[in-house]
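Residue-level listing of the chains:
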Amino acid sequence: MSAGALSADTATATAPERPVKAVRKSLGRPLITAAVVALAVLWTIPTFGLLISSLRPARDVVNTGWWTFFGHPHFTLANYHDVLFKSGFGGTGGLFPFLVNSLAITIPGTLIPITIAAMAAYSLAWVRFRGSDAIFFTVFALQVVPLQMTLIPLLRLYTHGAHIGSVQILPSLPKGTYYPVWISHTMFGLPLAIFLLHNFISRLPADLMEAAKIDGASHFRIFRTIVLPLSTPALASLAIFQFLWVWNDLLVAITFAGGQNKVLPLTGRLAQLNGQFGAHPELLTAGAFVSMLLPLVVFFSLQRYFVRGLLAGSVKG
Amino acid sequence: MLVPASTFSDSAAKLGNVLEVVAVFFAVLLLIFYVAGKASGKLEKPIAILVFLVPAVLLLLIGLIIPAIRTFYYSFYGATSVKSVGFDNYKWAFTTPAIQTVLKNTLLWIIVAPVLATALGLTIALMVDRMKHQAIVKSLIFMPMVISFVGASIIWNFVYNYRDSSQPQIGLLSKVVITLGWKHPPNWILSSPLNNFLLIVIMIWIQTGFAMVVLSAALKSVPDEIIEAARVDGAHGFRLFSSVQIPMIRSTLVVVLTTIMIATLKVFDIVRTMTGGNFKTSVVANEMYNQTFVQFNNGHGSALAVILFLGVTPLVAYNVIQLRKERATR
């Protein structure tokens, strides 16, 4: 979402569910229930088909439809074995190294932007100075910039560094490392993160801050001991979104780590394989499921935060 | 066979390095906090601003603002950004037949996907509004939201896969239509313009859950008294829905629509993974990537990026105004 919805929609989201009132007595309930169940099944079948495919021998996947599995169940974990345990870094056999790359990109790609955003949000809300409103508004407005607007100049910056005249002010980044990807995700994640955290942090009780000030606490102490602990729910929602965004990202990955199997994440490798459908169908099926596993676990275990975050603003990039 | 020992140790070393980087980041931060926290009096505030705000501002400047301006500038330059070409890149974008197709496709995407996803999401939200166990249904329809576009594309490859009808089918769609009596279905992904709609279906599949969750929350926030009053006045079923519930959630509806539209405008992964933009399925976001990183034409790529930016901006602006209004009325 263009992220403005936090205050507007979280109110509705957190409103407790009322008991269904007699007024809302339904007409034709069985029919509606049947339609809803049919839709839910329809929505799930494609994913379910992939799950079944991933559990079938590679030969079967290529030769017969996944639905024939129920007539002739040949069940195997070989695909998962191949995906996880074949080949090494820089190779193209298994997907394990790419899974490691995904993790290696996602952990810093989530923690670092949120930390920097929380600091910025705190200072914009509680260390006011002339111009802080202008900065906040600019950050908010930056959400309109699509990633695509930044790719070419950033790639140049990473490969050549930045110069003023002949003076190098920023070094180039070593190729084949995670740094360009980490830094890019940090920069792209900041506008939404700062905006959402500012919404939350600026509403913390002023009395608390003032009391701490009177006790002689510095801004740094207030930030660590009051602001961060109280902001946990907002930080959690945001972390889930940033995690999903980085984990699922393809564009940033293939732009800044493309062609370098040493650092390419799972999405990048799967996209390559999908382009040559038929070359490694068994890797595709199981690999896709491996790549979905972590997001699905996060989704089902942290659904409450997820929905809250979604209502607060989920679309970015 | 287990993981080859070398791969395993490589992984451990890699993740170890990554955690080290994170640890160093936080250690340095704490150190800075500790040192900067010693400052007092007049210096305290400037130092706090320096430490808290300047990193973010610098990153945004280097990562978004300057690159966006440069892309704008490159869009008036040639393939290697050396020679100025005036508006040629934009002329190219609007007059080359292949790129006209790309623009038409993009238009198709941003109309069809948001409208259908929102309509479906609203329908489902209304239907589950009175149901028991609605959480299960919602979860299932919502699930595609957390799957990557790449994962979704692989999932849908098993739906759209084509085999000659004399062969056993592995694509679900072919299987279904053959069973229903269509003897020789086309090669779905290769048939333009049908393939565009098939790719849009994937986007709808992903976004419907989002529309449903947000609209469901909005419907729940309509006060019961209003519904009761309407029913006393004789509004039932569809009439209750169209003249009471819909107007009550109209602004949320618009926000959902524009939000999906913005996401659709930037859609890249689905097209990239499913067709690579071939078979007349390319859209602006994908073509921008193609022009830049496959054709190595920075001028064309930048111009497409600017077109994308110009498409997104009014939508975001509209969204913000809508939300302002909504907030003002509460």
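Definitions and cut-offs
- Residues numbered from 1 in each chain as written.
- Chains lettered and ligands numbered in written order.
- Predicted model: local features only at pLDDT ≥ 70, side-chain atom pairs only at ≥ 80, totals over all residues.
- Helix = DSSP H or I, 4+ residues; strand = E, 2+ residues; numbered from the N terminus.
- Buried ≥ 20, exposed ≤ 12 C-beta atoms within 10 Å, placed from the backbone.
- Contact = placed C-beta atoms within 7 Å.
- Axes fitted to C-alpha atoms, helices over the stretch in contact; angles between N-to-C directions.
- Parallel < 35°, antiparallel > 145°, perpendicular 65-115°, else oblique.
- Expected span 1.5 Å × (residues − 1).
- Pairing = 2+ DSSP bridges.
- Nonpolar A, V, L, I, M, F, W, Y, C, P; charged D, E, K, R; others polar.
- Left-handed = near helix turned anticlockwise from the far one by under 90°.
- Core = buried A, V, L, I, M, F, W, Y, C linked by C-beta atoms within 7 Å.
- Domains from an automatic or database assignment.
- Bend = angle between axes of the 7 residues up to and from the residue.
- pLDDT = per-residue confidence, 0-100.

Novice: Please provide a residue-by-residue account of the overall build of chain B, values included.
Specialist: The helix and strand inventory of chain B stands at 15 helices and zero strands. Its C-alpha atoms put chain B at 70 × 60 × 60 Å along the principal axes. Looking at chain B as a whole, 43% of its 330 residues qualify as buried.

Novice: Tell me about the overall build of chain A, residues and numbers included.
Specialist: For chain A, the helix and strand inventory stands at 15 helices and two strands. Relative to its 317 residues, chain A shows a buried fraction of 51%. Long-range pairs, those at least 24 residues apart, make up 72% of the contacts in chain A with a sequence separation of at least 6.

Novice: Now, about the packing of helix α2 (residues 29-54) of chain A against helix α7 (residues 149-160) of chain B: what can you tell me, with residues and values included?
Specialist: Following both chains from N to C, one finds α2(A) and α7(B) inclined at 90°, their axes separated by 9 Å at the closest point. Taken together, the axis directions place α2(A) and α7(B) in an arrangement best described as roughly perpendicular. Across from Pro46(A), Thr47(A), Gly49(A), Leu50(A) and Ser53(A) in α2(A), the residues of α7(B) making contact are Ile154(B), Ile155(B), Trp156(B), Phe158(B) and Val159(B).

Novice: Which residues make up α7(B), and what values do they have?
Specialist: Residues and elements named next belong to chain B. A rise of 1.5 Å per residue sets the reference length of α7, with its twelve residues, at 16 Å; its end C-alpha atoms lie 16 Å apart and thus fit the reference within 8%. Counting buried residues in α7 gives twelve out of twelve residues, a clear majority hidden from the surface. Phe 149, Val 150, Gly 151, Ala 152, Ser 153, Ile 154, Ile 155, Trp 156, Asn 157, Phe 158, Val 159 and Tyr 160 are the residues of α7 that are buried.

Novice: Could you give an account of the pairing of strand β2 (residues 167-170) of chain A, with specific residues and numbers?
Specialist: Residues and elements named next belong to chain A. Strand direction decides the pairing type here: strand β1 (residues 162-164) and β2, joined by three bridges, are antiparallel. Each residue of the ladder has a partner; that of Ile 164, found in β2, is Val 167. Hairpin remark: β1 followed by β2, antiparallel, with two residues in the connecting loop; positive phi at Gly 165, about 65°.

Novice: So what's going on with the interface of chain A and chain B? Which residues, and what values?
Specialist: Contacts between the two partners involve 102 residues from chain A and, on the opposite side, 103 residues from chain B. Take the side of chain A that touches chain B: its biggest share by element is 16 residues, from helix α5 (residues 96-126) of chain A. Residues belonging to the side of chain A that touches chain B are distributed by class as follows: 68 nonpolar, 27 polar and seven charged.

Novice: Can you explain the packing of α2(A) against helix α6 (residues 134-142) of chain B? Please cite residues and give values.
Specialist: Their axes nearest at 8 Å, the elements α2(A) and α6(B) cross at an angle of 30°. Crossing of α2(A) over α6(B) shows left-handed handedness. Taken together, the residues of α6(B) that come into contact with α2(A) (itself represented by Val36(A), Leu39(A), Ala40(A), Trp43(A) and Thr44(A)) are Val137(B), Leu140(B) and Ile141(B). Considering only residue class, the contact of α2(A) with α6(B) consists of seven nonpolar, one polar and no charged.

Novice: Describe in detail the nonpolar core, supporting the description with residues and values.
Specialist: Among the nonpolar cores identified, the biggest contains 175 residues, and Ala117(A), Ala120(A), Ala121(A), Tyr122(A), Ile194(A), Leu197(A) and Leu215(B) are the most heavily contacted of them. Three or more residues apiece are contributed to this core by two domains, here domain 1 (15-86) and domain 2 (89-329) of chain B. Every residue in contact with Tyr122(A), bar those within four places of it in the chain, is listed here: Ile201(A), Phe223(A), Val227(A) and Phe52(B).

Novice: Could you give me a rundown of unusual backbone geometry, with the residues and numbers involved?
Specialist: Residue and element names in this part refer to chain B. Between Ser 192 and the following residue, Pro 193, the backbone shows a cis peptide bond with an omega angle of 0°. Structurally, Pro 193 can be placed in the loop between α8 (172-179) and α9 (194-220). One non-glycine residue with positive phi stands out, namely Ser 81, at about 60°. When you line up the elements, Ser 81 lands in the loop between α3 (54-74) and α4 (88-95). Accessibility expressed as a C-beta count within 10 Å gives 19 for Ser 81, which makes it partly exposed. Unusually for a residue other than glycine, Phe 296 sits at a positive phi of about 55°. Within the secondary structure layout, Phe 296 lies in the loop between α14 (284-294) and α15 (298-329).

Novice: Would you mind going over the domain arrangement of chain B in detail, with residue names and values included?
Specialist: Residues and elements named next belong to chain B. According to the domain assignment, chain B consists of domain 1 (15-86) and domain 2 (89-329). Taken over C-alpha atoms, the centre of domain 1 sits 35 Å from the centre of domain 2. The interface is formed by ten residues belonging to domain 1 together with nine residues belonging to domain 2. When its residues are assigned to classes, the side of domain 1 that touches domain 2 shows five nonpolar, five polar and no charged.

Novice: Tell me about helix α8 (residues 179-201) of chain A, residues and numbers included.
Specialist: Of all the bends in α8(A), the greatest reaches close to 45° and is centred on Leu190(A); the proline Pro191(A) follows between one and four positions later. Of all 23 residues in α8(A), 21 are buried, a share of seventy percent or more.

Novice: Can you tell me about the confidence of the model for chain A, naming the residues and giving the values?
Specialist: Atom-level detail of predicted coordinates should not be read off regions where pLDDT is low. All names here are of chain A. Counting all residues, the mean pLDDT for chain A is 83, and 85% of those residues have values of 70 or more. The least confident element of chain A is helix α1 (residues 6-14), whose mean pLDDT is 38; the most confident is α5, at 95. Between residues 1-26, whose pLDDT stays under 50, and residues either more than four places distant or in other chains, the model counts 62 contacts.

Novice: Any chance you could break down the environment of Gln100(B) for me, citing the residues and the numbers?
Specialist: All names here are of chain B. Looking at where Gln 100 falls in the secondary structure, it is placed in helix α5 (residues 97-128). Judged by the 12 C-beta atoms lying within 10 Å of it, Gln 100 is exposed. Counting along the chain gives 99 residues from Gln 100 to Leu 199, while the straight-line C-alpha distance between them is 19 Å.

Novice: Pulling in residues and values, what's your account of the confidence of the model for chain B?
Specialist: Taken residue by residue, chain B gives an average pLDDT of 90. The fraction at 70 or more is 96%. As scored by the predictor, the complex reaches a pTM of 0.89 and an ipTM of 0.89.

Novice: Please provide a residue-by-residue account of the environment of Ile152(A), values included.
Specialist: Mapped onto the fold, Ile152(A) is located in helix α7 (residues 151-160). Classification of Ile152(A) as buried rests on a count of 24 C-beta atoms within 10 Å. Along the sequence, Ile152(A) and Thr255(A) sit 103 residues apart, while their C-alpha atoms lie 9.1 Å from each other. Excluding its chain neighbours within four sequence positions, the residues that come into contact with Ile152(A) are Thr71(B), Tyr74(B), Thr292(B), Asn298(B), Gly301(B) and Ser302(B).

Novice: Tell me about the environment of Ala118(A), and name the residues and values.
Specialist: Residues and elements named next belong to chain A. Mapped onto the secondary structure, Ala 118 falls in helix α5. Here Ala 118 falls in the buried class, since 25 other C-beta atoms lie within 10 Å of it. Along the chain, Ala 118 and Trp 247 lie 129 residues apart, while their C-alpha atoms are 21 Å from each other. Excluding residues within four positions of it along the chain, Ala 118 makes contact with Leu 197, Leu 228, Ser 231 and Leu 235.

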